[in-house]
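Examination of the molecular architecture
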Amino acid sequence: MTEIGIKSEPAAGFTLRQYLVCLYGVVWREALRFVHQRERFVSALVRPLVWLFIFAAGFRQVLGISIIPPYDTYVLYEVYITPGLMAMIQLFNGMQSSLSMVYDREMGNMRTMLVSPLPRWFVLTSKLAAGAAVSVLQVYAYLAIAWFWEIEPPTPLGYLTVLPALILVGLMLGALGMLLSSLIRQLENFAGVMNFVIFPMFFASSALYPLWRVQESSPLLYWVCQANPFTHAVELIRFSFYEKFDPLAFGVVFGCAVVFLGGAIVAYDPARGMLVRKGQ
Amino acid sequence: MNGTTEAALTVERVSHSYGQRKALDEVSFSVAPGSFTVLLGLNGAGKSTLFSLVTRLFAARKGRIAIFGHDVAREPGEALRRLGVVFQARTLDLDLSVMQNLAYHAALHGIGPTEAARRGLVALERVAMADRARDKARALSGGQMRRVEIARALLHGPRLMLLDEPTVGLDIKARADIIGHVRSLVRNENLGVLWTTHLIDEVGDADDVVVLHQGKVLAAGPAAAVIANAGARNIGDAFTRLTGARAEATA
């Protein structure tokens, strides 16, 4: 066992390389899991496509979209809801990856991760980055299929300019999921969270209809939608896909990402967090 | 338990409670390097809580835990890198191969893929699992998974190893196998081991024993001393006298 170095005294602290190795390892594992769970990939892809081909096709006659930024002309309803569906993919992915954290924690995998000597905030952030990376891949897979139906940005550059927005939104929604996962004790409760988090967030947003239409029917709901970070996630993606920048959306998404991640780190903190109270 | 060298694990006056319920009450003991220490207690004695505190899943409300002198609360990185853990629950990722599981663990300790592959093979050879390196974890038996988990726990070269009821759910041969492997590590590598169990027949004559009951340490020291102090004939008898409860032994 001396070859493994069992008797050697490790150097104090960790090098930058060791941090990078950890980040790489966590992302690599998430990617491997993703590849192995083919049904997860397929369902992540089918869900938005169902919305696109069935829901949008049915609704295009009902909902008229006026010219609103970032669009310079009338757009088809399919084009309008695509950023919302891209964000939906990431919303589901963020919640699913936190579902895997609840599941992992029960199965013990999470404990393996939390016993890492690297700082816990770094391990959790790595996990978050891994989830965001997977969600970005899913979005591009969806865009590749949507391209065949002429749902595309005005120029191919849009595929590139949307990338930073996707990464930020992936991190924010992943952080929200992580925060929730620290508060949920049992798997059963998660189904409730799906109903109480995913659906309200998705429907009370600008994903499916422009907010001016919501305002016409209910001013209160309009303000709920405005306060919903998911609305800003959708708008950030919508604008960047059209090579434009929405400072308000960016500010809200960035701010929420920081707050949610901070909350998750506190919740997983050994001394202050939820685990100590629940005694897991 | 040792006067000259630094203890592998020091637990000093640790108390912990969940709300009103006290899970650990002024628990103190130590594990010497190169010793096989059995933490003996029934279900609900506080073993799992203690395990969670040493592995820093959460922090102790009172008291101090140190690994080779490094306080788990104040220097978690230095403490945890010297610690290898085998959890009671199966913690291998079933969809990944044995070697991928090891590489992931190595990454969590900042060990890169090339070095992880090298260490992984050595560690798997030690538990006679090298020929299964490429197999999916799902394809392994319970005993084989445990052996891989032990190899994994050794990958980063810890000097203290914690095993939480590692033989639960294993058949007699696999149990003997696992205990044999871990004892040889203690003998050959000077590894300090804390082995929690509720099975009395896993205690060896030369082991150190900590008897934990309802959150309190009732006795700690070499098995022979614990037996003698309790005025008992064997460790099972000593456990019964100390706790008033009958210890469990498996056939």
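Reference entry: report on the structure contained in this document. (Residues numbered from 1 in each chain as written. Chains lettered and ligands numbered in written order. Predicted model: local features only at pLDDT ≥ 70, side-chain atom pairs only at ≥ 80, totals over all residues. Heavy atoms only, no water.)

**Here's the deal with the overall build of chain A**
Here is the rule we go by: Per the convention used, a helix needs a DSSP run of H or I reaching at least four residues, while a strand needs a run of E reaching at least two, with both numbered from the N terminus. Here's how the labels work: a residue is buried when its accessible area is under 20% of the maximum for its type, exposed when over 50%, partly exposed in between, all with a 1.4 Å probe on protein chains only. Here, residues are in contact when the closest pair of their heavy atoms is within 4.5 Å. We get accessible surface area from the Shrake-Rupley algorithm with a probe of 1.4 Å; when it comes to residues, only the shown protein chains can shield them.
Summing up its helical and strand segments, chain A has twelve helices and zero strands in all. Its helices and strands taken in sequence order, chain A reads α-α-α-α-α-α-α-α-α-α-α-α from the N to the C terminus. The burial tally for chain A puts 55% of its 280 residues in the buried class. Look at the contacts in chain A between residues 6 or more apart in sequence, and 76% of them connect residues 24 or more apart. Counting only carbon and sulfur atoms, one obtains 70% of the accessible surface of chain A, whose full area is about 12100 Å².

**A few points about the overall build of chain B**
Stated formally: His residues and chain termini do not enter the charge count, which takes Lys and Arg as positive and Asp and Glu as negative. Where a charge sits is defined by one atom per residue type, namely NZ (Lys), CZ (Arg), CG (Asp) or CD (Glu).
From N to C terminus, chain B includes eight helices and ten strands. Taking the principal axes of the C-alpha coordinates as reference, chain B spans close to 50 × 45 × 40 Å. Taken over 251 residues, chain B has a buried fraction of 63%. Within chain B, contacts between residues separated by at least 24 positions form 69% of all contacts whose residues are at least 6 apart in sequence. Split by element, the accessible area of chain B, about 9600 Å² in all, is 49% carbon and sulfur. Side-chain charges of chain B comprise 31 positive and 26 negative groups, with the mean position of each set lying 3 Å from the other.

**Some words on the interface of chain B and chain A**
A common way to express how large an interface is: the accessible area buried when the components associate. The following threshold applies: Once two parts are brought into contact, the accessible area they lose, counted with a 1.4 Å probe and summed over both, makes up the buried area. Salt bridge criterion: a side-chain nitrogen from Lys or Arg within 4 Å of a carboxyl oxygen from Asp or Glu. Polar contacts here mean pairs of N or O atoms no more than 3.5 Å apart (in protein, one a potential hydrogen donor and the other a potential acceptor; neighbouring residues in sequence count only if both atoms are side-chain atoms). Throughout this entry, Asp, Glu, Lys and Arg are counted as charged residues, while Ala, Val, Leu, Ile, Met, Phe, Trp, Tyr, Cys and Pro are counted as nonpolar. The remaining residues, Gly among them, count as polar.
Counting residues at the interface gives 51 residues for chain B, matched by 46 residues for chain A. Where chain B abuts chain A, roughly 4300 Å² becomes buried across the two surfaces, and 61% of that area is made up of carbon and sulfur atoms. Together, Leu57, Tyr104 and Leu108 of chain B form the three largest contributors to the area buried by chain B at its contact with chain A, with a combined 17%. Counting every contact that joins chain B to chain A gives two salt bridges. One salt bridge in this structure joins Asp93 of chain B and Arg29 of chain A, with 3.0 Å as the shortest N-O distance. Taken together, chain B and chain A are joined by eight residue pairs in polar contact (both at pLDDT 80 or more). Of all elements in the fold, only β1 (9-18), α1 (47-54), α2 (76-80), α3 (98-108), α4 (113-126), α5 (142-154) and α6 (172-189) of chain B reach the threshold of two or more residues within the side of chain B that touches chain A. Its residues assigned to classes, the side of chain B that touches chain A comprises 24 nonpolar, twelve polar and 15 charged.

**A closer look at the sheet that holds strand β3 (residues 36-40) of chain B**
Adjacent strands of a sheet form backbone hydrogen bonds with each other and so pair up, either parallel or antiparallel. All names here are of chain B. This is how the line gets drawn: By definition, two strands form a pair when at least two bridges between them are found by DSSP. The convention used is that axes are lines fitted to C-alpha atoms, helices contributing only their stretch in contact, and that angles between N-to-C directions extend from 0 to 180 degrees.
One open sheet holds the six strands; their spatial order is β6-β7-β8-β3-β9-β10, and the pairing between them is mixed. Pairing within the sheet leaves two strands with one partner each, and these edge strands are β6 (83-86) and β10 (216-222). Pairs of neighbouring strands in the sheet enclose a mean axial angle of 15 degrees, with direction left out of account. In this sheet, strand β9 (residues 208-213) lies alongside β3 in parallel orientation, the contact comprising four bridges.

**Considering the packing of helix α2 (residues 38-59) of chain A against helix α5 (residues 120-147) of chain A**
The geometry of a pair of packed helices is captured by two quantities: the angle between their axes and the separation between those axes. Residue and element names in this part refer to chain A. Quick note on the threshold: Roughly parallel means an angle under 35 degrees; roughly antiparallel, over 145; roughly perpendicular, 65 to 115; everything else is oblique. Handedness of a crossing follows from how the near helix is turned relative to the far one, being left-handed for an anticlockwise turn of less than a right angle and right-handed for a clockwise one.
Where α2 meets α5, the closest approach of the two axes is 10 Å, and the angle between their N-to-C directions is 45 degrees. When the axes of α2 and α5 are compared, the pair comes out oblique. With respect to the hand of their crossing, α2 and α5 are arranged in right-handed fashion. Packed against α2, whose contacting residues are Arg40, Phe41, Ala44, Leu45, Pro48, Leu49 and Leu52, the element α5 presents Val134, Gln138, Ala141, Tyr142, Ile145 and Ala146 at the interface. The residue makeup of the contact of α2 with α5, split by class, is eleven nonpolar, one polar and one charged.

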